[in-house]
Amino acid sequence: MSVTQQLGGPAARGLLPGTGGPGGGLRESAARFALLPLRLFLGLTFLYAGVDKFTDAGPFSDAMTADTVERMLDASRDQAAAGWLSDLALDHPAVFVNGAAVAEIAVGGCVLIGLATRWAAAGGAVLALAFWLTISWSTDPYYFGSDLPFLIGFLTLLLAGAGPIAAERVIAARQARRSGRLFG
């Protein structure tokens, strides 16, 4: 018996993580929150990337929007796995960059707060896959490109969901309480 248990402290009552109490052990607590860093990273990164495309501070500032996209796609088009997708984007560069920015903001915001996380992760996976197949496909070695890790991160969220700290959990709990009052 530990000194804490002998003295009757919080660990003796099972109230501290790792003591086998109601909240589970330290490993269980860590596992429960394991997706939070991934959600924060992906959400903040995609939110920033989308907002950056609409501000003067980023690489897509004002008059450079279409030119920058065209240069980037032209440079990677011949070696892209999905050249047809590059051609489509080259035909409509303003639509492409604005659509990508809006999608990045929506995906980033939803993933960050944990709202419709699986849907947002699916959207993020599609975006990352499109970027990988068009722009960063020819990156050598492949692990220098960032789009593939983003794709894997979004696939992880798609499979696992948001985790415990998420707006969708708060909404579901509120609906369950409301349903319990109505039908309970």
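Here, every reference points to the structure presented above.
Calculation notes
- Residues numbered from 1 in each chain as written.
- Predicted model: local features only at pLDDT ≥ 70, side-chain atom pairs only at ≥ 80, totals over all residues.
- Heavy atoms only, no water.
- Axes fitted to C-alpha atoms, helices over the stretch in contact; angles between N-to-C directions.
- Helix = DSSP H or I, 4+ residues; strand = E, 2+ residues; numbered from the N terminus.
- Parallel < 35°, antiparallel > 145°, perpendicular 65-115°, else oblique.
- Left-handed = near helix turned anticlockwise from the far one by under 90°.
- Contact = heavy atoms within 4.5 Å.
- Nonpolar A, V, L, I, M, F, W, Y, C, P; charged D, E, K, R; others polar.
- Salt bridge = Lys/Arg side-chain N within 4 Å of Asp/Glu carboxyl O.
- Buried < 20%, exposed > 50% of the residue type's maximum accessible area, 1.4 Å probe, protein only.
- Phe/Tyr/Trp six-rings, centres within 6.5 Å; stacked < 30°, edge-to-face > 60°.
- Core = buried A, V, L, I, M, F, W, Y, C linked by side-chain atoms within 4.5 Å.
- Patch = residues over 30% accessible without salt bridge, like charges linked within 9 Å, V, L, I, M, F, W, Y side chains within 5 Å.
- Areas by Shrake-Rupley, 256 points an atom, 1.4 Å probe, with all protein chains shown as cover.
- Expected span 1.5 Å × (residues − 1).

**What to know about the packing of helix α3 (residues 35-54) against helix α8 (residues 147-160)**
Then, number 1: One way to put it is that α3 packs onto α8 with a least axis distance of 11 Å and a crossing angle of 125°. Taken together, the axis directions place α3 and α8 in an arrangement best described as oblique. Considering only the axes of α3 and α8, their crossing is left-handed. Judged by residue contacts, L35, L38, R39, F41, L42, T45 and F46 of α3 engage F150, G153, F154, T156, L157 and A160 from α8.
Then, number 2: Here the residues of the contact of α3 with α8 are counted per class, giving nine nonpolar, three polar and one charged.

**Quick word on the environment of D67**
Then, number 1: As for its position among the elements, D67 is in helix α4 (residues 64-77).
Then, number 2: Along the chain, D67 and A94 lie 27 residues apart, while their C-alpha atoms are 9.3 Å from each other.

**Here we look at the pattern of salt bridges**
Then, number 1: In this structure the tally under the stated criterion is three salt bridges.
Then, number 2: For E104, the salt bridge identified is with K53, shortest N-O distance 2.8 Å. Highlighted residues: E104 in helix α6 (residues 93-113) and K53 in helix α3, separated in sequence by 51 residues. The burial state of E104 is the same as that of K53; both residues are buried.
Then, number 3: For the salt bridge of D78 with R77, the shortest nitrogen-to-oxygen distance reads 2.9 Å.
Then, number 4: Overlapping salt bridges bring together R77, D78 and D87 as one network.

**A closer look at the environment of W132**
Then, number 1: Looking at the secondary structure, you find W132 in helix α7 (residues 117-134).
Then, number 2: Taking C-alpha positions, W132 is 9.2 Å from A82, a pair spaced 50 residues apart along the chain.
Then, number 3: Setting aside residues no more than four positions away along its own chain, W132 makes contact with W137, D147 and L148.

**Some remarks on the packing of aromatic side chains**
Then, number 1: Tallied over the entire structure, the rule returns five aromatic pairs.
Then, number 2: Plain terms: the ring middles of W132 and W137 are 4.9 Å apart, the flat faces sit at 55° to each other, and that makes the pair tilted.
Then, number 3: With relative accessibility at 39%, the residue W137 sits in the partly exposed group.
Then, number 4: Each ring, one from Y143 and one from F144, has its centre 5.4 Å from the other, and the planes form 85°; the classification is edge-to-face.
Then, number 5: One aromatic cluster in this structure is built from F41, F46, F150 and F154.

**With respect to the nonpolar core**
Then, number 1: Counting residues in each nonpolar core, the largest one holds 17 residues, and the members touching the most others are L42, F46, V107, V111, F154 and L157.
Then, number 2: At the level of secondary structure, the elements contributing two or more residues to this core comprise α3, α6, α7 and α8.
Then, number 3: Element by element, the count of residues in this core is highest for α7, at six residues.
Then, number 4: Residue contacts for V107: discarding those within four places in its chain leaves F46, A120, G123, G124, L127 and F154.
Then, number 5: Residues V69, L73, A89 and V97 belong to the second largest nonpolar core, which totals five residues.

**Let's talk about a nonpolar patch on the surface**
Then, number 1: Together, I113, L115 and I171 make up a nonpolar patch on the protein surface, roughly 230 Å² of accessible area in all.
Then, number 2: Mapped onto the secondary structure, I171 falls in helix α9 (residues 167-183).
Then, number 3: Overall, I171 belongs to the partly exposed group, its relative accessible area being 37%.

**Remarks on α3**
Then, number 1: The end-to-end C-alpha distance of α3, which contains 20 residues, comes to 29 Å, matching closely the 28 Å that a straight helix rising 1.5 Å per residue would cover.
Then, number 2: Taken as a whole, α3 has its buried residues at L35, R39, L42, G43, F46, G50, D52 and K53.
Then, number 3: Packing partners of the buried residues in α3 comprise α6, α7 and α8.

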